[in-house]
Amino acid sequence: MKRLFSPEGLRALDAFVASPVLFAFDFDGTLAPLVDDRDAAVMRRDTARWFCDLCARLPVAVITGRSASDIAGRLGGAAVRYAVGNHGAECGDDLAPFFEASRRARASLSSSLAGVRGVSIEDKGTTLSVHYRDATNARAARDAIARALRAVPVPVRVIPGKRVRSVVPVGAPHKGDALRLLCARAGVGAALFVGDDVTDEDAFAVGPSPRVFSVRVGPSRRSRAAYFLEAQADIDRLLARIVTTAHT
Ligand SMILES: [Mg+2]
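Sequence order as written defines the numbering, with residues in each chain counted from 1. Totals for whole chains, interfaces and linings use every residue, but because this is a predicted model, local features are given only for residues with pLDDT of at least 70 and side-chain atom pairs only at 80 or more, for both listing and counting.

Quick word on the domain arrangement of the chain
Here is step 1: Bear in mind that the domain bounds are from an automatic or database domain assignment. Structurally, the chain comprises domain 1 (2-91 + 173-245) and domain 2 (96-169).
Here is step 2: Distance between the C-alpha centres of domain 1 and domain 2: 27 Å.
Here is step 3: Each partner contributes to the interface: domain 1 provides ten residues, whereas domain 2 provides nine residues.
Here is step 4: Side-chain classes are defined by residue name, with Ala, Val, Leu, Ile, Met, Phe, Trp, Tyr, Cys and Pro counting as nonpolar, Asp, Glu, Lys and Arg as charged, and the others, Gly among them, as polar. Of the residues contributing to the side of domain 1 that touches domain 2, the split by class is three nonpolar, six polar and one charged. Contact between two residues is assigned when their C-beta atoms, built from the backbone, lie within 7 Å.

Structure, rendered in structure tokens:
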């Protein structure tokens, strides 16, 4: 993994965005700082300004774990061309099996977790989020959730997050699938993707077709991203760089 803000990283970035590219971003921890209360997550003012500029000039996508309706209200009125929620599981032609799997998982989890204090299930349609940020005993809540997840009668992928477990039906489209589909829709053969978390690895791993310029917020030895930003606040500098150098 290489530092993006190095002479070599910037040269590679400028060369990549000199031809048509879809600019795709995760939201929490990427465009917006991570906060304890996820309902309070917003972009900083400077980020929002650069992001609006970028959206006005170039094709932009946000691919997030939030539901599409949740994310729509957090983009500061920017003219985002594509917003895909549920870690990518909102794109594709036949989502009915994933709605059904998610419904069955929800019924099972609701009954297993009834009476566990501080745990709530957010139904996002094709996926679920089991939150435990209100639990006074986080460890007990986590254990109860782990037991409940083992009893779910459909195959699911469990993605750990900050005081949340995301529950995604196996086989549902992921962020990499969404990125591929959006590139095809936008008619481009290349995408820049920025993310910070486990589910973003699916998008980092896309390629060689479409070509992906992958950037992770924060260095990680396990990540498949080619470049990293030191900190979330550096997203402003990246957006500014793209706005001023990208092919339009
Ligand atoms: Mg994130």
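Some thoughts on helix 2 (residues 45-57)
Here is step 1: Only DSSP runs of H or I covering at least 4 residues are called helices, and only runs of E covering at least 2 are called strands; the numbering of each starts at the N terminus. The span one expects for a helix is its residue count, reduced by one, times 1.5 Å. Spanning 13 residues, helix 2 covers 19 Å between terminal C-alpha atoms, matching the ideal 18 Å at 1.5 Å per step.
Here is step 2: Residues with at least 20 other C-beta atoms within 10 Å of their own are called buried, those with 12 or fewer are called exposed, and the rest are partly exposed. The C-beta atoms themselves are positioned from the backbone. Within helix 2, the full set of buried residues consists of Thr-47, Ala-48, Trp-50, Phe-51, Cys-52, Leu-54 and Cys-55.
Here is step 3: Next to the buried residues of helix 2 lie strand 2 (22-25), strand 3 (60-63) and helix 8 (235-245).

Brief notes about the nonpolar core
Here is step 1: By size, the foremost hydrophobic cluster in this structure holds 55 residues, and its most contacted members are Ala-24, Phe-51, Leu-54 and Leu-179.
Here is step 2: In this structure Leu-179 touches Ala-24, Ile-63, Ala-191, Phe-193, Ala-203 and Val-206, once residues within four positions along its chain are discounted.
Here is step 3: A set of buried Ala, Val, Leu, Ile, Met, Phe, Trp, Tyr and Cys residues, joined through C-beta atoms within 7 Å, is what we mean by a nonpolar core. Judged by nonpolar contacts, the second largest core, of 19 residues, contains Leu-128, Ala-148, Val-167 and Ala-172.

Section: unusual backbone geometry
Here is step 1: For the peptide bond that leads from Gly-207 to Pro-208, omega is 10 degrees, which places it in the cis range.
Here is step 2: Tracing the backbone through its elements, the reader meets Pro-208 in the loop between helix 7 (201-204) and strand 10 (211-217).
Here is step 3: The linkage connecting Ser-209 with the following residue, Pro-210, adopts the cis geometry, with an omega of -5 degrees.
Here is step 4: Assignment of secondary structure puts Pro-210 in the loop between helix 7 and strand 10.
Here is step 5: Its identity is not glycine, yet Asn-86 carries a phi of approximately 55 degrees, on the positive side.

Let's talk about the sheet that holds strand 7 (residues 156-161)
Here is step 1: Spatially, the four strands line up as an open sheet ordered 5-6-8-7, and their pairing is antiparallel. Each end of this open sheet is capped by a strand with a single partner; those strands are strand 5 (120-123) and strand 7. For this sheet, the mean angle separating the axes of adjacent strands, direction not counted, is 20 degrees.
Here is step 2: For two strands to be treated as a pair, DSSP must find no fewer than two bridges joining them. Pairing analysis gives four bridges linking strand 6 (residues 128-131) to strand 8 (residues 164-169), with the strands arranged antiparallel. Looking across to strand 8, one finds that Ser-129 is bridged to Ser-166. Orientation is described by axes fitted as lines to C-alpha atoms, over the contacting stretch for helices, and by angles from 0 to 180 degrees between their N-to-C directions.

Let's talk about the sheet that holds strand 10
Here is step 1: Overall, parallel pairing links the seven strands, which are arranged 1-11-10-9-2-3-4 in an open sheet. The sheet is open, and its two borders are formed by strand 1 (2-3) and strand 4 (82-84), each paired with just one other strand.
Here is step 2: Pairing analysis gives three bridges linking strand 3 to strand 4, with the strands arranged parallel. Within strand 4, the position partnered with Ala-61 by the bridge is Tyr-82.
Here is step 3: Lying over the sheet, helix 6 (residues 175-186) contacts strand 2, strand 3, strand 4 and strand 9 (190-195), oriented at roughly 155 degrees with respect to strand 2.

Concerning the pairing of strand 7
Here is step 1: Bridging between strand 7 and strand 8 involves six bridges; their strand directions are antiparallel. Within strand 8, the position partnered with Val-156 by the bridge is Pro-169.
Here is step 2: Counted between consecutive antiparallel strands, the loop separating strand 7 from strand 8 contains two residues, among which Arg-163 sits at a positive phi close to 55 degrees.

Some words on the packing of helix 4 (residues 96-113) against helix 5 (residues 138-150)
Here is step 1: Close contact between helix 4 and helix 5 brings their axes to 9 Å; oriented N to C, the two are set at 135 degrees. Comparing their axes, helix 5 and helix 4 come out oblique. When the axes of helix 4 and helix 5 are compared, the crossing they make is right-handed. Here Leu-109, Ser-112 and Leu-113 of helix 4 come into contact with helix 5, specifically with Ala-144, Ile-145 and Ala-148.
Here is step 2: Considering only residue class, the contact of helix 4 with helix 5 consists of five nonpolar, one polar and no charged. If an angle is under 35 degrees, it is roughly parallel; if it is over 145, roughly antiparallel; if it lies from 65 to 115, roughly perpendicular; otherwise it is oblique. Each crossing gets its handedness from the near helix: less than a right angle anticlockwise from the far helix is left-handed, clockwise is right-handed.

A look at the pairing of strand 10
Here is step 1: A large share of strand 10 lies buried, amounting to six of its seven residues.
Here is step 2: Pairing of strand 9 with strand 10, which is carried by six bridges, proceeds in the parallel orientation. Considered in strand 10, the bridge of Gly-195 is made with Arg-216.
Here is step 3: Sheet analysis places strand 10 next to strand 11 (residues 227-229), joined by three bridges and oriented parallel. Across the sheet, residue Val-217 finds its bridge partner in strand 11, namely Leu-229.

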